[in-house]
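# Observations on the model geometry
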Amino acid sequence: MTVLERYESLKARVIKRKEEFSVLIDFIEKETDYLSAPASTRFHLCKKQGLLEHSVNVAENMLKLRNAIAPEIDEESCIITALIHDLGKAGMPGNPQYIANEPTAKQKQYGFGPSVPYRMNDRLTYLSVPVRSLYLALPHIHLSESEVQAIIYHDGQYVDDNKSVATKETPLLLLLQYADTWSTFVTEKKS
């Protein structure tokens, strides 16, 4: 199954919040680079559609974890938070977060490209990825406190600012954090 087919399958599983989720998805797909952006500038899934593939991987892994250890957690909440946890990497409408890194004159002369295929867009006001994700999503969908916490702190202790949530994580945050880590360091290492 292609990443787009997997993505469509996940979207179809959102039933109770379908109306507002559809408004969010319509905005994401039409106004941002979510469907085409890389997941990073040079690390995991640094390629076209890398962000979409990563988000789908996280959602699928999160649902597996949910089914195994926390079936009481709402499935739709898992899908929504997983699909938008890194939405900020799409940048702003008409202004992507990552842009292709052009080769230098010397690289062009010898037929080489840049060693880093993408770079950060310096025309964007700096916001962390989770903050930008919420900035983009919240005008279109209501999120619970638990969903907001999961999105903001999904990088866990890899981010110094996240130490404030240590020992206060909701089960949803822990599922998203582990699914994100597993996707990045296991699932995506294979691809």
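Residues numbered from 1 in each chain as written. Predicted model: local features only at pLDDT ≥ 70, side-chain atom pairs only at ≥ 80, totals over all residues. Heavy atoms only, no water.

### Observations regarding helix α2 (residues 18-31)
If you check α2, its first and last C-alpha atoms are 19 Å apart, about what 14 residues at 1.5 Å a residue would give, namely 20 Å. Along α2, the positions that sit buried rather than exposed are Phe21, Leu24, Ile25, Phe27 and Ile28. Relative to the axis of α2, the buried residues are bounded by an arc of 160 degrees and lie together on one face. Turned more than 90 degrees away from the buried face of α2, the exposed residues are Glu19 and Lys30. Taken together, the buried residues of α2 touch α1 (3-12), α4 (75-84) and α6 (129-137). (Helix = DSSP H or I, 4+ residues; strand = E, 2+ residues; numbered from the N terminus. Expected span 1.5 Å × (residues − 1). Buried < 20%, exposed > 50% of the residue type's maximum accessible area, 1.4 Å probe, protein only. Arc of directions from axis to C-beta. Contact = heavy atoms within 4.5 Å.)

### As for the packing of α6 against helix α7 (residues 145-152)
Axis separation between α6 and α7 bottoms out at 8 Å; the angle between their running directions is 140 degrees. If you check the angle between α6 and α7, you find them oblique. Only Val148, Ile151 and Ile152 of α7 make contact with α6, whose side of the interface consists of Pro130, Ser133 and Leu134. Partitioning the contact of α6 with α7 into residue classes produces five nonpolar, one polar and no charged. (Axes fitted to C-alpha atoms, helices over the stretch in contact; angles between N-to-C directions. Parallel < 35°, antiparallel > 145°, perpendicular 65-115°, else oblique. Nonpolar A, V, L, I, M, F, W, Y, C, P; charged D, E, K, R; others polar.)

### A word on the environment of Leu87
Among the secondary structure elements, Leu87 is positioned in the loop between α4 and β1 (98-100). With 43 residues separating them along the chain, Leu87 and Pro130 place their C-alpha atoms 7.7 Å apart. Not counting residues up to four positions away in its chain, the partners in contact with Leu87 are Ile28, Tyr34, Ser133, Leu136 and Ala137.

### Regarding unusual backbone geometry
Residue Leu45 is not a glycine yet carries a positive backbone phi of 45 degrees. Mapped onto the secondary structure, Leu45 falls in the loop between α2 and α3 (50-69). Its relative accessible area of 9% is what places Leu45 among the buried residues. Non-glycine residue Gln49 carries a positive phi angle of around 70 degrees. Tracing the chain through its elements places Gln49 in the loop between α2 and α3.

### Things to note about the packing of aromatic side chains
Summed over the entire model, instances satisfying the criterion amount to two aromatic pairs. Their ring planes at 50 degrees and their centres at 6.1 Å tell us that Tyr7 and Tyr34 sit as a pair that is tilted. Linking Tyr7 in helix α1 with Tyr34 in the loop between α2 and α3, this pair joins segments that are 27 residues apart in sequence. Accessibility classification places Tyr7 together with Tyr34 in one group, the buried group. (Phe/Tyr/Trp six-rings, centres within 6.5 Å; stacked < 30°, edge-to-face > 60°.)

### Things to note about the pattern of salt bridges
Side chains that differ in sign of charge can pair as their charged atoms come close. Under the counting rule described, the total for this entry stands at 10 salt bridges. Here Glu29 ties to Lys11 by a salt bridge, and the two come within 2.7 Å at their closest N and O atoms. Residue Glu29 is located in helix α2, and its partner Lys11 is located in helix α1; the two are separated by 18 residues in the primary sequence. Judged by its relative accessible area of 26%, Glu29 falls in the partly exposed class. Note that Glu147 is salt-bridged to Arg17, the shortest N-O span being 2.6 Å. (Salt bridge = Lys/Arg side-chain N within 4 Å of Asp/Glu carboxyl O.)

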